[in-house]
Amino acid sequence: MKKTLGIIGGVGPLATMLIGEIIVRRTKANKDQEHVHTIIDNDTSIPDRTAYILDQTKENPIPYLQRDAKKLAEYGAGVICIPCNTAHTFYREMQEATSIPVLHMIRETAKRAKELGANRVGILATDGTLASNMYQTALEEQGITPVVPGAQIQQQVMTVIYDYVKAGRDITPELWAPIEAVMTDCDRIILGCTELSIVNRDLKLSTQYIDSLVVLAEAAIVACGYDINQ
């Protein structure tokens, strides 16, 4: 049975539009009617997830995420996903808000790393995602050693995410090169922030990278009862 997909978007807006495109391109379909029925709520009012994780005096995004999950269920979604790794810190709260299954992109991405035979995997993500230890735990559960950048490179990752992608500025290979250079001892590198999926698209990064947004898109296609276009 085919299910309608609900996407909690706006986290960020560009990544939301990109997962919509990926789902269309990765679904095995020959005509419009064979694609996944998708409801996208590009809710740009959701407060910054990393800001709240690091400082809980900031505005809490949880009520917004719960509201959107309920709304998508009311609109007819049979599966829900959210193209934001950091928001999965609040996965339990989102899932508690609805009986509709919410896909867990971090667990799905860790499984993909295992399927690819990785033993040592780098994690490029926001400060909030790293502070939550979600990727570290998910990888360790798969028997994989997680590797996180040092403070200087992590600051560069945050610059790429917030000062470039979220600000609508283009990334150059020169800006990305120092980040890639410190991950050379990893079998694979997870792009654990969906803004970094924009970098992957624009710079055409190598197959060493595992793009969490692509993993989530493919998981959503299958969860909705469709086939992936190989």
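Residues numbered from 1 in each chain as written. Predicted model: local features only at pLDDT ≥ 70, side-chain atom pairs only at ≥ 80, totals over all residues. Heavy atoms only, no water.

Notes on unusual backbone geometry
The test is simple: What counts as a helix is a DSSP run of H or I of at least four residues, what counts as a strand is a run of E of at least two, and both are numbered from the N terminus. Burial classification: accessible surface area is computed with a 1.4 Å probe over protein chains only, and a residue below 20% of its type maximum counts as buried, one above 50% as exposed, and the rest as partly exposed.
That bond from valine 11 to glycine 12 is cis: its omega, 0°, falls within 30 degrees of zero. Mapped onto the elements of the fold, glycine 12 is located in the loop between β1 (5-9) and α1 (13-26). The backbone phi angle of asparagine 133 is positive, close to 65°, even though this residue is not glycine. Position of asparagine 133 relative to the elements: it lies in the loop between α6 (127-132) and α7 (134-141). Given the relative accessible area of 38%, asparagine 133 is considered partly exposed. Backbone geometry at lysine 204 places phi at a positive 50°, although glycine is not the residue there. Relative to the helices and strands, lysine 204 resides in the loop between α10 (194-203) and β7 (209-211). In this structure lysine 204 comes out as exposed when scored by relative accessible area, which is 67%.

Some words on the sheet that holds β7
Rule in force here: A strand pair is defined by DSSP finding two or more bridges across the two strands. Only C-alpha atoms enter the line fits that serve as axes; for helices the fit covers just the stretch in contact. Angles between N-to-C directions range over 0 to 180 degrees.
What the four strands build is an open sheet, ordered β5-β4-β6-β7; its pairing is parallel. Taken across any chain shown, the strands that pair with only one partner, and hence form the sheet edges, are β5 (145-147) and β7. Taking each pair of neighbouring strands and ignoring which way they run, the sheet shows an average axis angle of 30°. Pairing of strand β6 (residues 188-191) with β7, which is carried by three bridges, proceeds in the parallel orientation. Paired with isoleucine 189 across the bridge in β7 is tyrosine 209.

Here we look at the environment of arginine 169
In plain terms, the rule: Note on contacts: a residue pair is in contact if any heavy atoms of the two residues lie within 4.5 Å. By the criterion applied in these results, polar contacts are pairs of N or O atoms within 3.5 Å in which, for protein atoms, one can donate a hydrogen and the other can accept it, and in which residues neighboring in sequence qualify only through two side-chain atoms.
Note that arginine 169 resides in the loop between α8 (151-165) and α9 (173-181). Setting aside residues up to four positions removed in sequence, arginine 169 forms contacts with Asp163 and Tyr164. Engagement of the side chain of arginine 169 in a polar contact is seen with the backbone oxygen of aspartate 163, the distance being 3.2 Å.

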